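# Geometric and topological summary
One-letter residues, chain by chain:
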Amino acid sequence: MKSFAPKPWVAPQPVLIIGTYNEDGVANAMNAAWAGQWDMKEIMISMGKHATTDNLKRKGEFTVAFATRKTMAAADFVGIVSAKSDPKKVERTGWTVGKATMVDAPVFADFPMTLECRIKEKYSESETGCYLVAEIVNILVDEKYLAEDGNPDLEKMELIVFDPVHHGYIGLGGKAGQAFSAGKALK
């Protein structure tokens, strides 16, 4: 095996679009990958210093959309262009912007699933960013991405993940097995 110095290579990393409102009420979005489920109803996000960070300080509420193959180019765009230099960057994506139902934040209808979140705690806050723990207060799913059982169908969504090694995006493949069942073959 080859050894490497420690790097941020935990994989897969979700490609998440964080939605907030700028001070003037204009919808803002940023691309974030360093995040994950924190608890049953909470997520954690590592945030650098961005316009989004300022927006979160003001309101404490935001949305998290999951990027897909179809939204990849625009999702990448909002990650490489700052709202500080282009406050109307969301307009350039062509996304349909609406309002969240339970938090004061935008919803981008082009994404199949969106979490509505409220900041619960901040850790290690400094001039370079912070770690957020947020409560998920609602989940919105476009009905065309529901399975026969009425729950979200992640395969239909064609979600993408960030490749932290080669700085690319990888589309998730099909189902590989059934959790809490596949291992029973070894009993």
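This one's a predicted model, so the numbers in the text were calculated from it and none came from an experiment.

### Quick notes on the overall build of the protein chain
- Check the secondary structure of the protein chain and you find four helices and 12 strands.
- For 187 residues, the compact-globule estimate of 2.2 N^0.38 gives 16 Å, and the protein chain sits close to it at 17 Å.
- Along the first, second and third principal axes, the C-alpha atoms of the protein chain reach 60 × 45 × 30 Å.
- Expressed as a percentage of its 187 residues, the buried residues of the protein chain come to 41%.
- Relative to all contacts within the protein chain whose residues are 6 or more apart in sequence, the contacts with residues 24 or more apart total 58%.
- Averaging the coordinates of the 22 positive side-chain charges in the protein chain and doing the same for the 24 negative ones gives two points 4 Å apart.

### Quick word on the state of the cysteines
- Taken as a whole and assessed by the stated rule, the structure comprises zero disulfides.
- Between Cys117, a cysteine without a disulfide, and Cys130, which holds the nearest cysteine sulfur, the sulfur-to-sulfur distance is 14 Å.
- A relative accessible area of 0% means that Cys117 is categorised as buried.
- The buried category is assigned to Cys130, whose relative accessible area is 6%.

### Points about the sheet that holds strand β1 (residues 13-14)
- Across the sheet, which stays open at both edges, the three strands sit in the order β1-β11-β12 with antiparallel pairing between neighbours. Of all strands in the sheet, those with a lone pairing partner are β1 and β12 (168-171), marking the two edges.
- Pairing analysis gives four bridges linking strand β11 (residues 160-163) to β12, with the strands arranged antiparallel. Within β12, the position partnered with Asp163 by the bridge is Gly168.

### Points about the sheet that holds strand β10 (residues 129-141)
- The antiparallel open sheet is built from seven strands, whose spatial order is β3-β2-β6-β9-β10-β5-β4. The open sheet has two edge strands, β3 (27-32) and β4 (35-39), and neither has a second partner. Taken over all neighbouring pairs, the strand axes of this sheet differ in orientation by 35 degrees on average, direction set aside.
- Taken together, the 11 bridges between strand β9 (residues 113-126) and β10 define a ladder with antiparallel strand orientation. Across the sheet, Ile119 pairs through a bridge with Ala134, a residue of β10.

### Some points on the nonpolar core
- Ile18, Ile43, Ile45, Phe62, Val64 and Cys117 are the most contacted members of the largest nonpolar core, which has 23 residues in total.
- When residues of this core are traced back to their parent elements, those giving at least two are β2 (16-21), β3, β5 (42-48), β6 (61-66), β9 and β10.
- With 19 residues, the next largest nonpolar core counts Tyr21, Ala29, Phe77 and Phe111 among its residues.

### Quick word on a nonpolar patch on the surface
- On the surface, Trp38, Tyr123 and Tyr131 cluster together into a nonpolar patch covering about 330 Å² of accessible area.
- Inspection of the secondary structure assignment puts Trp38 in strand β4.
- Judged by its relative accessible area of 46%, Trp38 falls in the partly exposed class.

### What about the environment of Thr20?
- Structurally, Thr20 can be placed in strand β2.
- According to the relative accessible area criterion, Thr20 is buried, its value standing at 1%.
- Sequence separation of Thr20 and Asn55 is 35 residues, and the distance between their C-alpha atoms is 6.3 Å.
- Ignoring anything within four residues of it in the chain, the contact list for Thr20 reads Val26, Ala27, Asn28, Thr52, Asn55, Leu56, Glu61, Phe62 and Pro106.

The rules behind each value
- Residues numbered from 1 in each chain as written.
- Predicted model: local features only at pLDDT ≥ 70, side-chain atom pairs only at ≥ 80, totals over all residues.
- Heavy atoms only, no water.
- Helix = DSSP H or I, 4+ residues; strand = E, 2+ residues; numbered from the N terminus.
- Rg over C-alpha atoms; globule rule 2.2 N^0.38 Å.
- Buried < 20%, exposed > 50% of the residue type's maximum accessible area, 1.4 Å probe, protein only.
- Contact = heavy atoms within 4.5 Å.
- Lys, Arg positive; Asp, Glu negative; His and termini not counted.
- Charge placed at Lys NZ, Arg CZ, Asp CG, Glu CD.
- Disulfide = S-S within 2.5 Å.
- Pairing = 2+ DSSP bridges.
- Axes fitted to C-alpha atoms, helices over the stretch in contact; angles between N-to-C directions.
- Core = buried A, V, L, I, M, F, W, Y, C linked by side-chain atoms within 4.5 Å.
- Patch = residues over 30% accessible without salt bridge, like charges linked within 9 Å, V, L, I, M, F, W, Y side chains within 5 Å.
- Areas by Shrake-Rupley, 256 points an atom, 1.4 Å probe, with all protein chains shown as cover.
- Salt bridge = Lys/Arg side-chain N within 4 Å of Asp/Glu carboxyl O.

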